[in-house]
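Structure assessment
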Amino acid sequence: MADSTSRRVTIAPSLLAADFGRLREEVTAIEAAGADWLHLDIMDGHFVPNISFGPTILAALRKHSNLPFDVHLMIAPVDLYLDAFIDAGADHISLHPEAGPHLHRSLQHIRKAGKKAGVVLNPATSPDTVSWALDLVDIILVMSVNPGFGGQSFLTSQLPKITRLRQMIDAADHPIALAVDGGITMATAPKAIAAGADTLIAGTSVFRAADYAEAIAALRGDV
Ligand code: DX5
Ligand code: ZN
């Protein structure tokens, strides 16, 4: 097992905290600043109490970025919309087990389309939820806040869950990214990494920073 200090951390800024009036410039700037993925939070005002944007925005931005588009679906029922996001240019699609009746089937659908499939675990959702679908999973995303809003505080209660998932992933027979989403700052990033995360999703601490490149490097632990 690679220890937490030797793993290169993937940084995925969340577009939710960008200036929505200047989305194209924001996406260009974040790519130039060294982001590894672009995280796109899709909210339906039903599964979570907020509405963000849909596949049309994704397709419009797709033309202006070479970053992997890491789509986090917070919509229910989720299955009806998988193809819309696949067609719009998503590279990764992550969904919550609570958002559809057949997690395994949803993951099969995403994989069959040639995309990376992810499972998102809410703060109260057990890591065991994913264990019998691990063969279909490329990303496990631990929510360190309740989904729906940016700018919330990191829930340290999730750290042991990250460690548990790290053990599960290290025992798996294929690579799986272990991402943490919500309240990631310069103070909380080292805790998530020490617990076993290799991917950090960060909205506020990157898109509200004066210098995107500095913010990304700081989260990665490069400065
Ligand atoms: C919350 C979203 C997060 C959010 C993170 O539902 O899944 O991706 O944008 O924002 P910060 O980094 O501000 O907590
Ligand atoms: Zn997210």
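Refer to the structure above for everything that follows.
Residues numbered from 1 in each chain as written. Chains lettered and ligands numbered in written order. Predicted model: local features only at pLDDT ≥ 70, side-chain atom pairs only at ≥ 80, totals over all residues. Heavy atoms only, no water.

1. Describing the overall build of the protein
Cut-off, in case you're wondering: Each helix is a run of H or I in the DSSP string that is no shorter than four residues. Each strand is a run of E no shorter than two, and both are numbered from the N terminus. Radius of gyration here is computed from C-alpha atoms only, and the compact-globule reference equals 2.2 Å multiplied by the residue count raised to the power 0.38. Here the term buried applies to any residue with accessible area under 20% of the maximum for its type, exposed to any over 50%, and partly exposed to those in between, with areas from a 1.4 Å probe on protein chains only. Pairs of residues are marked as contacts when any of their non-hydrogen atoms sit within 4.5 Å. His residues and chain termini do not enter the charge count, which takes Lys and Arg as positive and Asp and Glu as negative. Taken as the charge centre is NZ of Lys, CZ of Arg, CG of Asp or CD of Glu, depending on the residue.
Summing up its helical and strand segments, the protein has eight helices and eight strands in all. The C-alpha atoms of the protein give a radius of gyration of 16 Å, which matches the 17 Å a tight globule of 223 residues would have. When its C-alpha atoms are laid out on the principal axes, the protein stretches across 45 × 40 × 30 Å. Within the protein, the proportion of its 223 residues that are buried is 54%. Taking the contacts inside the protein whose residues are at least 6 apart along the sequence as the reference set, 64% of them involve residues at least 24 apart. Computing the positive centroid from 17 side-chain charges and the negative centroid from 24, the protein places the two 2 Å apart.

2. A word on the site of ligand 1
Here is the rule we go by: Proximity criterion: a residue is near a molecule or strand once any of its heavy atoms comes within 4 Å of it. Two N or O atoms form a polar contact when they lie within 3.5 Å of each other; inside protein one atom must be a possible hydrogen donor and the other a possible acceptor, and for residues adjacent in sequence the pair counts only when both atoms belong to side chains. Computed with a 1.4 Å probe, the accessible areas rest on the Shrake-Rupley method; for each residue, only the protein chains presented here act as cover. Residue classes follow a fixed rule: Ala, Val, Leu, Ile, Met, Phe, Trp, Tyr, Cys and Pro count as nonpolar, while Asp, Glu, Lys and Arg count as charged, and any other residue, Gly among them, counts as polar.
Residues in contact with ligand 1 amount to 20 residues; listed here are only the nearest, Gly-148, Gly-151, Asp-181, Gly-203 and Thr-204. Between ligand 1 and Ser-14 there is a distance of 2.9 Å, counted from an oxygen atom to a side-chain nitrogen or oxygen. In this structure, Asp-41 approaches ligand 1 through a side-chain N or O atom, which is 2.8 Å from an oxygen atom. Isolated, ligand 1 exposes 380 Å² of accessible area, and the fraction of that covered by the protein chains is 98%. When contributions to the shell around ligand 1 are tallied by element, the ones reaching two or more residues are strand 2 (38–43), strand 3 (69–74) and strand 8 (199–202). Here the element with the most residues in the shell around ligand 1 is strand 2; it accounts for three residues. For the shell around ligand 1, a count of residues per class yields eight nonpolar, ten polar and two charged.

3. A short note on the packing of aromatic side chains
Spelled out, the test is: Any Phe, Tyr or Trp ring, taking Trp's six-membered ring, that has another such ring centre within 6.5 Å forms a pair; planes under 30 degrees apart are called stacked, those over 60 apart edge-to-face, and the others tilted. Remark: a charge is flagged as sitting over a ring if the NZ atom of Lys or the CZ atom of Arg is within 6 Å of the ring centre and within 35 degrees of the ring normal.
Throughout the structure, instances matching the rule amount to two aromatic pairs. With a centroid separation of 5.8 Å and 75° between ring planes, the pair formed by Phe-20 and Phe-53 is classed as edge-to-face. Taken as a pair, Phe-20 in the loop between strand 1 (10–13) and helix 1 (23–32) and Phe-53 in the loop between strand 2 and helix 2 (55–62) lie far apart in primary sequence, 33 residues in all. When its relative accessible area of 10% is taken as the criterion, Phe-53 is described as buried. Residues Phe-207 and Tyr-212 carry aromatic rings whose centres are separated by 5.4 Å and whose planes lie at 75° to one another, so their mutual orientation is edge-to-face. Residues Phe-207 and Tyr-212 agree in their burial class; the two are buried. In this arrangement the basic side chain of Arg-62 is found over the ring face of Phe-69, its NZ or CZ atom lying 3.7 Å from the centre.

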